[in-house]
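Notes for the structure review
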Amino acid sequence: MDAKQAAAALDGMQVLDVREYYEWAAGHVAGAKHIPLRMLPARFEEIDRDVPVLVTCQIGQRSGIAADFLRDHGYDAHNLEGGVEDWIAQGFSLVDVSDEPGAVVDGWAQTLD
């Protein structure tokens with residue numbers, strides 16, 4: 001799901017950010033739940049199974065892995081294509097941990113393994 005589609009559907013979705021804490025703290029989609037990708041296998045049941053999930057990360061790589069994992073476990077999960085970098089490029093904002101305007105910081109790729 002691209003940024004424009006995600007923004008239009010946001011009211012009916014929950015947002016899950018799978019980046020590392022320092023990335024999430026610097027800037028994330030308002031209202032996002034934070035579970036780093038490496039912790040998802042142990043914590044995925046914290047996510048409401050009855051509400052579609054928009055999964056975010058830096059560029060869409062980690063969130064793609066997470067969305068696949070969640071779909072394999074019965075969730076209606078959607079990857080934010082291009083991640084928060086594209087979200088910002090399309091003119092949508094982020095908030096930091098203080099709910100002030102947020103920014104994107106350098107992240108790093110990883111897998112569930």
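First, a word on scope: everything that follows refers to the structure included in this document. Note that the structure is predicted; figures quoted are calculated from it, not measured.

Parameters and conventions
Residues numbered from 1 in each chain as written. Predicted model: local features only at pLDDT ≥ 70, side-chain atom pairs only at ≥ 80, totals over all residues. Heavy atoms only, no water. Salt bridge = Lys/Arg side-chain N within 4 Å of Asp/Glu carboxyl O. Helix = DSSP H or I, 4+ residues; strand = E, 2+ residues; numbered from the N terminus. Buried < 20%, exposed > 50% of the residue type's maximum accessible area, 1.4 Å probe, protein only. Pairing = 2+ DSSP bridges. Contact = heavy atoms within 4.5 Å. Axes fitted to C-alpha atoms, helices over the stretch in contact; angles between N-to-C directions.

Evaluation of the coordinates by the stated rule reveals six salt bridges. Across the pair Glu20 and Arg38 runs a salt bridge, and its minimum N-O distance is 3.0 Å. One end of the pair, Glu20, is in the loop between β1 (14–17) and α2 (21–26); the other, Arg38, is in the loop between β2 (33–34) and α3 (40–43), and 18 residues separate them in sequence. Residue classification places Glu20 among the buried positions, given a relative accessible area of 8%. Notably, a salt bridge pairs Glu23 with Arg62, separated by 2.8 Å at the nearest N-O pair. In this pair, Glu23 sits in helix α2 while Arg62 sits in helix α4 (residues 61–72), placing the two residues 39 residues apart along the sequence. Arg62 matches Glu23 in its accessibility class, with the two residues each being buried. Look at the salt bridges and you will find they share partners, linking Lys33, Arg43 and Glu46 into a network.

For the rest of this paragraph, the subject is the sheet that holds β1. Reading across the sheet, the four strands line up as β2-β1-β3-β4 and stay open at both edges, with parallel pairing between neighbours. Among the strands making up the open sheet, the edge pair consists of β2 and β4 (77–79). Two elements, β1 and strand β3 (residues 53–56), share four bridges in a ladder whose sense is parallel. Following the sheet pairing, Asp17 is matched in β3 by Thr56. On top of the sheet, α4 reaches β1, β3 and β4; it is set at about 165° to β4, its chief contact.

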